[in-house]
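# Working through the structure, step by step
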Amino acid sequence: MTDSDDFRPDPVFNDDERQTPLPIGAGPTMTSGQLSEGDALVPEGGESRSTGGILRQMGRVFVENKLAVVGLGVIVLMVLFCFVGPHLYPTNQTDAQLVLQDSTSNAPPGNGNPLGTDSNGYNILGRLMFGGQASLIVGFASALVATVFGTLYGAMSGFFGSWFDSLLMRVVDVLLSIPVLFLLIALVTIYHQSEILLILVIAFVSWLVPARLVRGETLSLRNREYVQAVRVMGGSRTRIIGRHIIPNSVGTIVVFATFQIADSILLLAALGFLGLGVPAPQTDWGTMLSNGVDAAGSGYWWQIYPTGICIVLVVVAFNYVGDALRDSLEVRLQQR
Amino acid sequence: MTGFLIRRIGQALVVVIGVILITFLMAKLIPGGEAKAVLGPKATPVTVARFNVQNGLNLPIWDQFWRYVEGLFAHLNLGYSFKYNQGVRQVIGERLPKTLTLVGVSVFISLIIAVPLGILQVVRRNKPIDYALTTSSFFFYAMPDFLLGTLLIIWFAFDLHWFPVSPPTDASAWAIFTDPRAFVLPVVTLAATSVASFSRYMRSSMMDALAQDFVRTARAKGASSRRVLYGHALRNALIPILTLLGLSLPAIVSGALIVENVFNYPGMGLLTVQSAFNDDIPVVLGTTLVITVATVIGSLMADILYAVADPRIRLGSD
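Residues numbered from 1 in each chain as written. Chains lettered and ligands numbered in written order. Predicted model: local features only at pLDDT ≥ 70, side-chain atom pairs only at ≥ 80, totals over all residues. Heavy atoms only, no water.

### Considering the side chain of D145(B)
Residue and element names in this part refer to chain B.
- When you line up the elements, D145 lands in helix 8 (residues 145–159).
- In this structure D145 is buried but unpaired, with R95 as the nearest side chain of opposite charge at 18 Å.
- Excluding residues that lie within four positions of it along the chain, D145 makes contacts with T189, G255 and I258. (Helix = DSSP H or I, 4+ residues; strand = E, 2+ residues; numbered from the N terminus. Buried < 20%, exposed > 50% of the residue type's maximum accessible area, 1.4 Å probe, protein only. Lys, Arg positive; Asp, Glu negative; His and termini not counted. Salt bridge = Lys/Arg side-chain N within 4 Å of Asp/Glu carboxyl O. Contact = heavy atoms within 4.5 Å.)

Below, the structure is given as structure tokens:
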């Protein structure tokens, strides 16, 4: 998908070129995103051919994908669960001393603890909300940092070209060839864990793919006539990158960012599982799972399954949404 | 073919040099400096200065890098672990083969399973078995490996007692062949994600091959559908799998780190995480460098196999 020409956004002034849309599912590669006949495929006279229409048009195709709507629903519910939940269902999640005074450790579900307690006596339902906050915040924030940095890096690399481009892309090649968890652990060892550093460190191993994607887009965009026109009119390089190249790559960037949130949540969960997650008293789902695994031999299933289900649900939800966004992007491209 | 090989090997060399530079820079960018990382935060300026002189840390950065590279290539010197009190190379020494056999066996098994699965899905495409396999491959793809490993331990080791919880701690690198039962769960965990992605790829790659002109020609000649499928389409669909394998290697090696930690198998991944707990930065950087070089060599081999297998490259003048 890297330097692919398929990802060519709308030429702004090429309005009169109308094509009959390809039937969906024509190629063997189309897997999901079944659309009801017609609807989004019929080009509607000229409208939504500007960059502003991209997101609107993608949105329309998106809502027709049922899995994506379910995924979006799961994400919204999970955010509410983690951030509003603790206000409706307050539990003590920070003071281990106090907790042990009024609850037993490793208590099975029931009796005031709907999902039981963990080895420290923390209420697991409440802890899922508490740990979910860190998982979601780190996931969102590192995906955001990685996407923004990768986009700027890729746009600069593709726009300036020549030796500068080669140098920047070799850096990406090198970092991509280091197995990600090894790099991540090396960084975490050197720059000790705190929530902010974890965000930056996860972003540091994640900006490489958007850099490549946006570079590919930039390469195909920078020789377009309208970009040449801006240049002839005396538009600065910053203006071309900021006002023309990045806005035209926005579809690709949004799709990437969605998948990246899922990946970042998984990376943090993996770090937490290895015992290198957010430091106490804060916790995250990976750390919770790892604590539960220590007790796996004792049959404390409630310390493992709810956490595992939360991680998988959120990751699958973001992947469904990302899939649907990518499909809607492809549909938009086919419409031209 | 030679052109391709030279370019591809050159590319691998650039990556290796880049990784050496990155691990070197990471050591230089330790907050507080390398000396404090070894001597502890309470070290006096005098002891820090003496440590710096002894280890050449007072030299200009380019001289330090040159000494680092020279040490690496001339003496395979990866630095010194003050926690283990021996060279990083000695610490890594017996652990690298363990990770290599684990990854090698898992990759081999995932290919053995994924290729027939992909073919089965093409033969029975859009039938229930195709949908079932597609759904389960998405499931395994979305399943984090640490969770899958944990669940396998709970179900098949604790509850059913079919397999041991972990391989013996003194297992040698060859134990995976002599005592396969102990390695079933780790290998299944590591192979699951690759089986999912390889079989998906195999399916679409077979479909693409079946849509090609040469398949129509073969059919027109009157070749049986078996022969078209296995003689023509399969041979062409298998080649791209090698590229995918080369590209997936870093991810598989990352998976091995998780698997080693879940199953307590003393390879590079377990060593890295334990050293992270010990703040043993030289070992962490050493394992990162060595495992990356191994991964780069693995990807390079996959690409060379690809070039040998694909007549368009093998016979190409370029």
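Let's pick the thread back up.
### Considerations on the packing of aromatic side chains
- Under the definition given, this model contains 12 aromatic pairs over all chains.
- Pairing W163(A) with F164(A) gives two aromatic rings, centres 6.0 Å apart and planes at 90°, and the pair type is edge-to-face. (Phe/Tyr/Trp six-rings, centres within 6.5 Å; stacked < 30°, edge-to-face > 60°.)

### Topic: the domain arrangement of chain B
All names here are of chain B.
- Partitioning chain B into structural domains gives domain 1 (2–85) and domain 2 (90–317).
- On a C-alpha basis, the centroid separation for the pair domain 1 and domain 2 is 33 Å.
- Contact residues are listed per partner, giving 22 residues for domain 1 and 23 residues for domain 2.
- Between the two partners, domain 1 and domain 2, sit one salt bridge.
- Across the salt bridge formed by R8 and D303, the nearest N and O atoms sit 2.5 Å from each other.
- Along the contact surface separating domain 1 from domain 2 lie one residue pair in polar contact (both at pLDDT 80 or more).
- Among the secondary structure elements, those contributing two or more residues to the side of domain 1 that touches domain 2 are helix 1 (2–28), helix 4 (61–75) and strand 1 (80–81).
- Of all the elements, helix 1 adds the most residues to the side of domain 1 that touches domain 2, at 12 residues. (Domains from an automatic or database assignment. Polar contact = N/O pair within 3.5 Å; in protein donor to acceptor, adjacent residues only side chain to side chain.)

### Some words on the interface of chain A and chain B
- Counting residues at the interface gives 39 residues for chain A and 45 residues for chain B.
- Summed over both sides, the interface of chain A with chain B buries roughly 3500 Å², with 82% coming from carbon and sulfur.
- In this assembly, chain A and chain B are joined by zero salt bridges.
- For the pair chain A and chain B, the number of links is three residue pairs in polar contact (both at pLDDT 80 or more).
- Elements with a contribution of two residues or more to the side of chain A that touches chain B: helix 6 (162–177), helix 7 (180–190), helix 12 (250–273), helix 13 (285–294) and helix 14 (305–335) of chain A.
- Sorting elements by how many residues they give to the side of chain A that touches chain B places helix 7 of chain A first, with nine residues. (Buried area = accessible area lost by both parts, 1.4 Å probe.)

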